[in-house]
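What follows is the residue order along each chain.
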Amino acid sequence: MSMFSIFNISGSAISAQSQRLNVVASNLANADAVAGPDGQGYKGRQVVFETTPMGSDASSGVRVSAIKESNEPLRKVHNPSHPSADADGYVTQSNVNPVEEMVNMISASRSYQNNVEVMNTAKTLLLKTLQMGQ
Amino acid sequence: MFANMTSGLDFQSKALVLRAERQRLIASNIANADTPGYVARDLNFKEAMNNATGGGLSNGLSLSPSSAQGSDSNGMTNAKHIALSGGTIGTLGSSSSLAYAEQSQPSLDGNSVDLDRERANFVDNSVRYEATLRFINGQSKTILSAIQGQ
């Protein structure tokens with residue numbers, strides 16, 4: 001059924017975007033987290049999207065193929081009074097850039113809204129098709 | 001006799017199937033707006049409709065999506081190239097090549113979806129889908145009132 005697969009396509013995109021939004025939330029929540037005793041702070045994560053075929057070759061959905069950790073160096077902040085400060089007075093924090101994450105969040109939410117609108121339109125069209133000839 | 005009455009409906013139903021097909025393609029493009037390396041695809045409606053109706057619709061002018069750039073109907077710029085197989089359009093059984101949308105603003109990740117254009121196409125296509133539906137409804141109402149003779 002041609003039009004019904006729009007729900008599968010947009011549904012896959014919605015689930016992928018919501019996973020991206022989840023990762024952004026996790027990054028933002030841990031933006032100021034300091035490193036534990038092992039010196040390893042929180043590393044920002046990014047989702048990797050991948051096209052996945054759905055039914056015929058013309059329709060393709062999207063899925064999250066991997067969640068990768070960022071390799072950027074952890075942020076060091078000079079704060080000698082902090083309980084986790086090292087000998088030189090530096091505290092190791094996560095490598096998350098909050099500005100980048102906010103941009104990522106807006107992009108994810110706009111894409112999510114786009115796909116919801118696609119589904120709504122497809123639903124309206126299908127309902128009108130059902131009423132054909134009445 | 002009855003074939004005369006329903007031939008118009010037959011034409012509109014083919015158009016409706018093609019519109020649904022294009023709607024699905026655009027939905028795929030919008031779903032993959034953030035996927036690296038995804039190439040946006042689109043349907044040349046006129047060509048597909050020509051194929052579906054057996055060429056009886058136009059006055060012999062068939063414009064392929066890439067013919068403007070000096071390539072032939074298969075999208076090839078050289079006779080030695082291998083022709084694209086192209087997707088077949090659903091239940092109509094006629095093969096119609098799907099075109100690749102031209103990139104308006106190239107992006108670094110190789111994604112060629114122009115979200116503004118796709119959204120505009122989506123709305124445009126859904127309005128045309130509804131128009132086709134109304135044509136079908138109107139024609140079926142006409143046939144019904146002819147049958148009933150009231």
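Our structure is the block above this text.
Note that the coordinates shown come from a computational prediction; the quantities given were computed from them, not determined experimentally.

(A) Focus on the pattern of salt bridges. In this structure the tally under the stated criterion is 10 salt bridges over all chains. With a shortest N-O distance of 3.9 Å, Arg-75 of chain A and Asp-32 of chain A are connected by a salt bridge. Residue Arg-75 of chain A is found in strand S3 (residues 75-78), and its partner Asp-32 of chain A is found in the loop between helix H1 (5-29) and strand S1 (45-54); the two are separated by 43 residues along the sequence. What makes Asp-32 of chain A exposed here is its relative accessible area of 60%. Taking the shortest distance from any N to any O, the salt bridge between Arg-128 of chain B and Asp-124 of chain B comes out at 3.1 Å. With Arg-128 of chain B and Asp-124 of chain B both in helix H3 (residues 115-148) and four residues apart, this pair spans about one turn of that helix. Looking at Asp-124 of chain B, the relative accessible area reads 30%, which means it is partly exposed.

(B) Geometry of the packing of helix H2 (residues 98-130) of chain A against H3 of chain B. One way to put it is that H2 of chain A packs onto H3 of chain B with a least axis distance of 10 Å and a crossing angle of 10 degrees. Classified by the interaxial angle, the pair formed by H2 of chain A and H3 of chain B is roughly parallel. Residues Asn-114, Glu-117, Val-118, Thr-121, Leu-125, Lys-128 and Thr-129 of chain A of H2 of chain A touch H3 of chain B, and the partners they reach there are Leu-115, Arg-119, Phe-122, Ser-126, Tyr-129, Glu-130 and Leu-133 of chain B. Among the residues making up the contact of H2 of chain A with H3 of chain B, the classes are represented as six nonpolar, four polar and four charged.

(C) Representation of the environment of Thr-132 of chain B. Residues and elements named next belong to chain B. Mapped onto the elements of the fold, Thr-132 is located in helix H3. Measuring from C-alpha to C-alpha, the distance between Thr-132 and Glu-102 comes to 27 Å, with 30 residues separating the pair along the chain. Apart from residues no more than four positions distant in its own chain, Thr-132 is found in contact with Gln-12, Ala-15, Leu-16 and Arg-19. Reaching out from Thr-132, the side chain makes a polar contact with the backbone oxygen of Arg-128 at a distance of 2.8 Å.

Criteria and cut-off values
- Residues numbered from 1 in each chain as written.
- Chains lettered and ligands numbered in written order.
- Predicted model: local features only at pLDDT ≥ 70, side-chain atom pairs only at ≥ 80, totals over all residues.
- Heavy atoms only, no water.
- Salt bridge = Lys/Arg side-chain N within 4 Å of Asp/Glu carboxyl O.
- Helix = DSSP H or I, 4+ residues; strand = E, 2+ residues; numbered from the N terminus.
- Buried < 20%, exposed > 50% of the residue type's maximum accessible area, 1.4 Å probe, protein only.
- Axes fitted to C-alpha atoms, helices over the stretch in contact; angles between N-to-C directions.
- Parallel < 35°, antiparallel > 145°, perpendicular 65-115°, else oblique.
- Contact = heavy atoms within 4.5 Å.
- Nonpolar A, V, L, I, M, F, W, Y, C, P; charged D, E, K, R; others polar.
- Polar contact = N/O pair within 3.5 Å; in protein donor to acceptor, adjacent residues only side chain to side chain.

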